[in-house]
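# Examination of the molecular architecture
Okay, here's what each chain looks like letter by letter:
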Amino acid sequence: MKYVRFLLILAALLLIAVPVFAQEELGLSADDAALYQAAVENSATAGSFSYSVDTLINITGVGEDGDVVIDVNASGVVGEDMLSMLVTGALSAGGEEIPADLDIRFVDNTGYIGLMGQFYSITPEDLGDMMSMAGGMLPVDPEAMMEGDMGAMGDMSGMMSGMMTMDPSEFVSFARLDDMDGQAHFQINLDYGAMFNNPEMAEMMQGIMQAQMGMMGDMGSAAMTPEQMQAMMEAMGPMFENAVFTFDQYVDLESQTVSRAVVTVEFPFGYMSPETPEANMSISMDINLSGYGEAVSVEAPADAQPLMQLFGALMGGMPSM
């Protein structure tokens, strides 16, 4: 379980860290770094845009149940105080296929979730009530965290110390590749082996693990010692020497905005079980962005039912803790 928890935390850390690392020059020329930073800022501050996301996840070599394939597509718009996301696709596993059909909207300070032909609405007040209802079942107080009280997260000093002293250039490379059809092509590559052998990363991971134990309380298992964490990090390097993590971004040279971003991951995890030595997970996420600054609109569904009614019914049917 320690390895599983470790990998889940590492995956979450990478999702946070890669965009942060992308703000570093990491070997880019001054002109290329200025272009990239301008594109990121222009895109982030745009009042509106349209997007599409094609995600393909393959988990192979996992045994008799066969491969797992998640092939979903999402598209929508983002505007001032509004957004939409329409998700289609399917999850295939064990010879069965489960369709993905989800419609998410936010407009007029109200969120809407469309499931199986029915929309459910939720307001900020509803969300607060739901968090209050669920708070007794969680290891932390979600309302306190929303207000900025992070005490339940435990001592975060180790994580912050590792972040402040880390030199990402030791395991992250950033380069501008050949332009493509008027698009500047930037690519970030992550060297897993070097990352796992980085002492600051080990320190940060130790801090995150300690914070997690603070959240889990009695539900968690014994915390890992710094020595155990360092040993695990050193063992991970050879195990993942064939792992791949690349983050490609394309910048429109005329508008200086990010037009496309592609995340590619190859993550072998067969070492976790001798019965499935060829187990591997591959992830491809292709994001296309367009229409920066253009007018967008999101329509509120007329037949939405309050999500609180459904949530209350589900909570009422659960046994008391």
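Keep in mind that this is a model prediction, so the values were computed, not measured.

Take the side chain of T110 next. For T110, the location among the structural elements is in strand 5 (residues 110-115). Accessibility expressed as a relative area gives 13% for T110, which makes it buried.

Let us now look at the nonpolar core. For soluble globular proteins, nonpolar side chains are generally found buried alongside one another. Ranked by internal contacts, the top residues of the largest apolar core, which has 29 residues, are F171, F174, F186, L190, Y192, M195 and F245. Mapped onto this core, the elements with two or more residues apiece are helix 2 (30-45), strand 7 (172-180), strand 8 (183-190), helix 6 (192-196), helix 7 (199-216), strand 9 (244-252) and strand 10 (257-268). Ranked by residue count, the leading element in this core is strand 10, at five residues. F49, V53, A74 and V87 belong to the second-largest nonpolar core, a separate cluster that totals six residues.

Attention now moves to the packing of aromatic side chains. For the structure on display, the rule yields four aromatic pairs. Ring centres 5.1 Å apart and planes at 85° place the aromatic pair Y36 and F174 in the edge-to-face group. Here F174 lies in strand 7 and Y36 lies in helix 2, a separation of 138 residues in the sequence. With respect to class, Y36 is no different from F174; both count as buried. Taken together, the ring pairs connect Y36, F174 and F186 into an aromatic cluster.

Turning to the pattern of salt bridges, a few remarks are in order. According to the stated counting rule, one finds four salt bridges in the structure shown. One salt bridge in this structure joins R105 and D103, with 3.1 Å as the shortest N-O distance. Residues joined by salt bridges that share partners form a network here, namely D32, R176 and D179.

The twelve strands lie next to each other as 7-8-9-10-11-1-2-3-4-5-6-12, forming an open sheet whose pairing is mixed. Looking at which strands have only one partner, the edges of the open sheet turn out to be strand 7 and strand 12 (305-306). When strand 7 meets strand 8, the two strands line up antiparallel, connected through seven bridges. Note that in strand 8 the partner of R176 across the bridge is F186. Helix 2 contacts strand 7, strand 8, strand 9 and strand 10 of the sheet and is inclined by roughly 100° relative to strand 10.

All right, on to the environment of E125 then. Here E125 lies in helix 3 (residues 124-135). The exposure class assigned to E125 is exposed, which follows from its relative accessible area of 53%. Sequence-wise, E125 and T110 are 15 residues apart; in three dimensions their C-alpha atoms are separated by 9.8 Å.

Moving on, we get to unusual backbone geometry. The phi torsion at D81 lies on the positive side, around 60°, for a residue other than glycine. Turning to its location among the elements, D81 is positioned in the loop between strand 2 (68-79) and strand 3 (82-93). At D181, a position not held by glycine, the phi torsion is positive, near 55°. Among the secondary structure elements, D181 is positioned in the loop between strand 7 and strand 8.

Summing up the model confidence of the protein chain, the mean pLDDT is 77 and the portion of residues at 70 or higher is 68%. For residues 1-5, every residue scores under 50 in pLDDT, and the model assigns this stretch 13 contacts once sequence neighbours within four places are set aside. Low pLDDT (under 50) marks residues 152-156, which in the prediction has eight contacts with non-local residues, meaning those over four places away or in another chain.

On to the pairing of strand 9. Of all nine residues making up strand 9, seven are buried, and the element is well covered by its neighbours. As defined by bridge partners, strand 8 adjoins strand 9 across seven bridges and the pair is classed as antiparallel. When the sheet's bridge partners are listed, H185 is paired in strand 9 with Y250. When strand 9 meets strand 10, the two strands line up antiparallel, connected through nine bridges. Bridged to Y250 within strand 10 is R260. Following strand 9, the chain reverses through four residues before pairing antiparallel with strand 10; Q256 in that reversal takes a positive phi of roughly 50°.

Moving on, we come to helix 2. Spacing of three or four residues puts side chains on the same side of an α-helix, whose turn is 3.6 residues. For helix 2, with 16 residues, the first-to-last C-alpha span of 22 Å sits near the 22 Å given by 1.5 Å per residue. Packed against the buried residues of helix 2 are strand 7, strand 8, strand 9 and strand 10.

Pairing between strand 1 (residues 49-60) and strand 2: eleven bridges, direction antiparallel. Bridge assignment links N58 to a residue of strand 2, and that residue is V69. Relative to strand 11 (residues 280-290), strand 1 is paired through eleven bridges, and the arrangement is antiparallel. Bridging across to strand 11, T55 finds its partner in M285.

Rules used throughout
Residues numbered from 1 in each chain as written. Predicted model: local features only at pLDDT ≥ 70, side-chain atom pairs only at ≥ 80, totals over all residues. Heavy atoms only, no water. Helix = DSSP H or I, 4+ residues; strand = E, 2+ residues; numbered from the N terminus. Buried < 20%, exposed > 50% of the residue type's maximum accessible area, 1.4 Å probe, protein only. Core = buried A, V, L, I, M, F, W, Y, C linked by side-chain atoms within 4.5 Å. Phe/Tyr/Trp six-rings, centres within 6.5 Å; stacked < 30°, edge-to-face > 60°. Salt bridge = Lys/Arg side-chain N within 4 Å of Asp/Glu carboxyl O. Pairing = 2+ DSSP bridges. Contact = heavy atoms within 4.5 Å. Axes fitted to C-alpha atoms, helices over the stretch in contact; angles between N-to-C directions. pLDDT = per-residue confidence, 0-100. Expected span 1.5 Å × (residues − 1).

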